[in-house]
Amino acid sequence: MKIVDINDEGLKTKLRQSIKSKNIVPFIGSGFTKGIKTPKGCVPSGTQMLMYMKEKLSQYYDNDIAEFNTWSFSQTANEYNKVITTSNKEQYLRNNFTYVVITDVLKCGFIEHDWDYLYTVNIDNGIENTNKDLRVIQPHKKIKESYINENKVLFKLHGDVDYSLCYEKEYNLILGTSDYAQSIRSNFPLLKILMNDFTNKDIIYLGCSLDDELDLLSIRDFGIDQNNSQNTVYYITTENLSKLQQSRLVDYGVNTIIKLDEYDSFYLLIRNLCVWQ
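Quick caveat: nothing in here was measured; it's all calculated off a predicted structure.

Participant: I'm lost on the pattern of salt bridges in this one. Help?
Facilitator: When charged atoms on two side chains of opposite charge get close, those side chains can pair. The final tally for this structure, using the stated rule, is eleven salt bridges. Put simply, Glu128 and Lys156 hold a salt bridge, and the shortest N to O gap is 2.8 Å. On the criterion of sequence distance, the pair formed by Glu128 in helix H6 (residues 126-130) and Lys156 in strand S7 (residues 153-156) is long-range, its members being 28 residues apart. With relative accessibility at 0%, the residue Lys156 sits in the buried group. Ionic contacts of the salt-bridge type, sharing partners, join the residues Lys22, Asp114, Asp116 and Lys152 into one network.

Listed below in structure tokens is the structure:
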């Protein structure tokens, strides 16, 4: 694992080359939109959503919330999806994940840059609301390569709240353990594109905790030798990660950690490399 400072000149040179050659792809997590106000709520962080689901389960089972302390996000979401009413689940999604508008100038600039495409595990609609040119690619669908080549697309790896709220029997959010298990098969067309990028392109994990993403872990099982890969998989963080935390990131293909004091420094770096106007 390589740890580099945001001001490292070698890093700047490599990023500039990768972006200009379109050989780098952003992978955006919940940290990118967390805290943004919606008309009836606020986009939660993964931790905040986890606590909300645990509170609902505690009320449903009339148990002390401490009984769920060791449950992961995917375990909690699985049980939550089983026992909480559809109307209550949809109300929470509608209040906190729809009509999301990103107003931060640096984040908007990053999203509106001329990327070939972007990946996200976010279920909210903030990214596509910010860059209207992006066409959303849903999970669990066979994807036409020609459409990807002709359009700027946003791969929503874990589903889309608007799609799930709009269509009967078309819930496509991947949150619980059973969702992940099903997605390894049903979402293979999208995962295959991602696997190809892990082999041939540089990846930027931005706003991702990479703590419980079972489908991303599955790419190790499809013949990708990440140790011999020539690409760079960046993980952007403001934290001082322990050796154990670094080791867990390796499971997601990460080989370079970019350490910074605040995330704005990364957006400023991209802008200063003259990547967008």
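Participant: It is not clear to me how the packing of helix H2 (residues 46-61) against helix H3 (residues 73-83) should be interpreted in this structure. Could you clarify?
Facilitator: Helix packing for two helices is described by the angle between their axes and how far apart those axes are. In the contact formed by H2 and H3, the axes pass within 9 Å of each other and the chain directions differ by 45°. The pairing of H2 with H3 is recorded here as oblique in orientation. In this structure, H2 crosses over H3, and the sense of that crossing is left-handed. Residues Gly46, Met49, Leu50, Tyr52, Met53, Lys54, Lys56, Leu57, Tyr60 and Tyr61 of H2 lie in contact with H3, whose contacting residues are Phe73, Thr76, Ala77, Glu79, Tyr80 and Val83. When grouped by side-chain class, the residues that make up the contact of H2 with H3 number eleven nonpolar, two polar and three charged.

Participant: Could you clarify how one ought to interpret the pairing of strand S8 (residues 202-206) in this entry?
Facilitator: Of all five residues that make up S8, five are buried, and the element is covered over most of its length. In S8, alternate side chains face the same way, and those of Asp202, Ile204 and Leu206 on one face and Ile203 and Tyr205 on the other are all buried. In this sheet, strand S9 (residues 233-237) lies alongside S8 in parallel orientation, the contact comprising three bridges. By the bridge assignment, Tyr205 is partnered in S9 with Tyr235.

Reading the values: the criteria
- Residues numbered from 1 in each chain as written.
- Predicted model: local features only at pLDDT ≥ 70, side-chain atom pairs only at ≥ 80, totals over all residues.
- Heavy atoms only, no water.
- Salt bridge = Lys/Arg side-chain N within 4 Å of Asp/Glu carboxyl O.
- Helix = DSSP H or I, 4+ residues; strand = E, 2+ residues; numbered from the N terminus.
- Buried < 20%, exposed > 50% of the residue type's maximum accessible area, 1.4 Å probe, protein only.
- Axes fitted to C-alpha atoms, helices over the stretch in contact; angles between N-to-C directions.
- Parallel < 35°, antiparallel > 145°, perpendicular 65-115°, else oblique.
- Left-handed = near helix turned anticlockwise from the far one by under 90°.
- Contact = heavy atoms within 4.5 Å.
- Nonpolar A, V, L, I, M, F, W, Y, C, P; charged D, E, K, R; others polar.
- Pairing = 2+ DSSP bridges.

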